[in-house]
Amino acid sequence: MSARVGLPSDYFENYLSAPCAGNKRKDNMDNIEYMIQGKKYSLTADLHTHTVFSHGTGTIEANVIAARNRGLAKIGITDHGPGHVAYGVRRWNFAKMRAEVERLSALYTDIEILLGIEANIVNASGYLDIAPLEFKKFDYVIAGYHYGAVGGNPVGNAVTALKNIAQNKSGVTTRRQMRSNTRNIVRALERNDIKILTHPGDKAPVDLLEIAVVCAKTETLVELNTHHMSLSAEDIRAMALAPVKFIISSDAHSPNRIGDFVSAVDLAYEAGLDMGRIVNLNVR
Ligand SMILES: [Zn+2]
Ligand SMILES: [Zn+2]
């Protein structure tokens, strides 16, 4: 549903860990290769980044240049879905963003540039703020829960957000709220072709194992997000019980964070995760 012509259907599972051939590494940059326990890790793709089209600070081109400097083989531009009242990308910019990605793809041939979107999970029926017919405007759709996204039921969404904010602040989660958050995400996963579930467990408490089981079924990658870092090693171990694959994203809102991956490798290592389950990690 979401993949453009030419993007293989197993692209996200099997094509991301290719080394960064054709892109000259700049060895003076931090984080390009990270060594832990005798193995060298590098990131091959950063598929969750923001630009000025939502509330990032860099242009699409600035993100692409940063990704090339980091030695990445692929970069994805995924601004916030239009349902977010404060910083959702405006629908009239979709075509402009696609044209810019095409222009830059012709200009920078040593990196693959993809256009995605970080859709908002907006209500209990599993709908996103990207309609099924709009999926084809993007190479892929990623999705997560955010405060401030309105959907079919703005009042209900606002009440849910306030409850989650209060629970995150107090550190006390009710079972009822956790069930409701989990159900919303599960329905969204089952209803839509979501390639990456962004920052699970951040902003809203959920049953992570239940969500990981569904992600495995829907072939959705579970994100290890170095911007939010809300998961613990224990959380990762719980999700890893499901036959799910993981992806590291910077969720960069400025070009200088593109490709930031080290903290996620540390966390995965602490959790004892088989690094081969992280689809965009190259190991030497
Ligand atoms: Zn997000
Ligand atoms: Zn994001």
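I will try to describe carefully the structure that is included in this document. (Residues numbered from 1 in each chain as written. Chains lettered and ligands numbered in written order. Predicted model: local features only at pLDDT ≥ 70, side-chain atom pairs only at ≥ 80, totals over all residues.)

## Here's the deal with the overall build of the protein
Put simply, the rule is: For helices the rule is a DSSP run of H or I covering at least 4 residues; for strands it is a run of E covering at least 2, with both sets numbered from the N terminus onward. Between the two quantities, the radius of gyration covers C-alpha atoms and the globule rule is 2.2 Å times the number of residues to the power 0.38. Exposure in this text rests on C-beta crowding, where 20 or more other C-beta atoms within 10 Å of a residue's own make it buried, 12 or fewer make it exposed, and counts in between make it partly exposed. The C-beta atoms are placed from the backbone. By definition, residue pairs are in contact when their C-beta atoms, positioned from the backbone, come within 7 Å.
From N to C terminus, the protein includes 8 helices and 10 strands. At 18 Å, the protein has a C-alpha radius of gyration in line with the 19 Å of a compact globule built from 284 residues. In terms of overall dimensions, the protein has C-alpha extents of about 50 × 45 × 30 Å along its principal axes. A burial count over the protein gives 46% of its 284 residues as buried. Within the protein, contacts between residues separated by at least 24 positions form 78% of all contacts whose residues are at least 6 apart in sequence.

## Let's talk about the pairing of strand 3 (residues 45–49)
What counts, and what does not: Strand pairing is assigned whenever DSSP identifies at least 2 bridges connecting the two strands. A clockwise path from the first strand over the helix to the second, with the strands pointing away from the viewer, defines a right-handed crossover.
The element strand 3 is extensively covered by neighbouring structure, given that 5 of its 5 residues are classed as buried. Direction of pairing for strand 3 relative to strand 4 (residues 74–80): parallel, over a ladder of 3 bridges. Each residue of the ladder has a partner; that of alanine 45, found in strand 4, is lysine 74. Considered for its hand, the β-α-β crossover made up of strand 3, helix 2 (residues 60–69) and strand 4 is right-handed.

## Considering the nonpolar core
Test applied: In plain words, the nonpolar core is the set of buried Ala, Val, Leu, Ile, Met, Phe, Trp, Tyr and Cys residues that C-beta atoms within 7 Å link up.
One finds Val141 and Ala143 to be the most contacted residues of the largest nonpolar core, which totals 65 residues. The biggest single contributor to this core is helix 6 (residues 208–218), with 5 residues.

## Considering the sheet that holds strand 4
For clarity, the threshold we go by: Note on definitions: angles span 0 to 180 degrees between N-to-C directions of axes, and those axes are lines fitted to C-alpha atoms, for helices only across the stretch in contact.
Overall, parallel pairing links the 7 strands, which are arranged 3-4-5-6-7-8-9 in an open sheet. Each of the sheet's edge strands pairs with one partner strand only, and the pair in question is strand 3 and strand 9 (246–249). When strand 4 meets strand 5 (residues 112–120), the two strands line up parallel, connected through 7 bridges. Each bridged residue has a counterpart across the sheet, and for isoleucine 75 the counterpart in strand 5 is isoleucine 113. Together, strand 3, strand 4 and strand 5 form the strand contacts of helix 2, whose direction differs from that of strand 4 by roughly 145°.

## Quick look at helix 5 (residues 175–191)
Going by this rule: One less than the residue count of a helix, multiplied by 1.5 Å, gives the span that helix is expected to have.
The end-to-end C-alpha separation of helix 5 is 24 Å, in line with the 24 Å expected for 17 residues at 1.5 Å each. For helix 5, the full list of buried residues reads Asn181, Thr182, Asn184, Ile185, Val186, Ala188 and Leu189. Considering only its buried residues, helix 5 is in contact with strand 6 (140–144), strand 7 (196–197) and helix 6.

## Notes on the pairing of strand 6
Walk down a regular strand and you will see the side chains alternate between the two sheet faces. For strand 6, a buried count of 5 out of 5 residues is recorded, marking the element as mostly surrounded by other parts of the structure. Both faces of strand 6 are covered, namely the face carrying Tyr140, Ile142 and Gly144 and the face carrying Val141 and Ala143. Summarising the sheet, strand 5 and strand 6 pair through 5 bridges and their orientation is parallel. Across the sheet, glutamate 118 pairs through a bridge with isoleucine 142, a residue of strand 6. Bridge count between strand 6 and strand 7: 2 bridges; the pairing is parallel. For isoleucine 142, the partnering residue across the bridge sits in strand 7 and is isoleucine 196.

## Some words on the sheet that holds strand 10 (residues 281–283)
Ordered in space as 1-2-10, the 3 strands form an open sheet in which the pairing is antiparallel. For this open sheet the edge positions go to strand 1 (34–36) and strand 10, each flanked by a neighbour on one side alone. Adjacent strand axes in the sheet meet at a mean angle of 30°, parallel and antiparallel pairs treated alike. Both strand 1 and strand 2 (residues 39–43) contribute to a ladder of 3 bridges, which runs antiparallel. Looking at the pairing, tyrosine 34 lines up with tyrosine 41 of strand 2.

## Concerning unusual backbone geometry
Even without a glycine there, the phi angle at glutamine 37 is positive, about 50°. Structurally, the position occupied by glutamine 37 is in the loop between strand 1 and strand 2. Owing to 5 C-beta atoms within 10 Å, glutamine 37 belongs among the exposed residues under this scheme.

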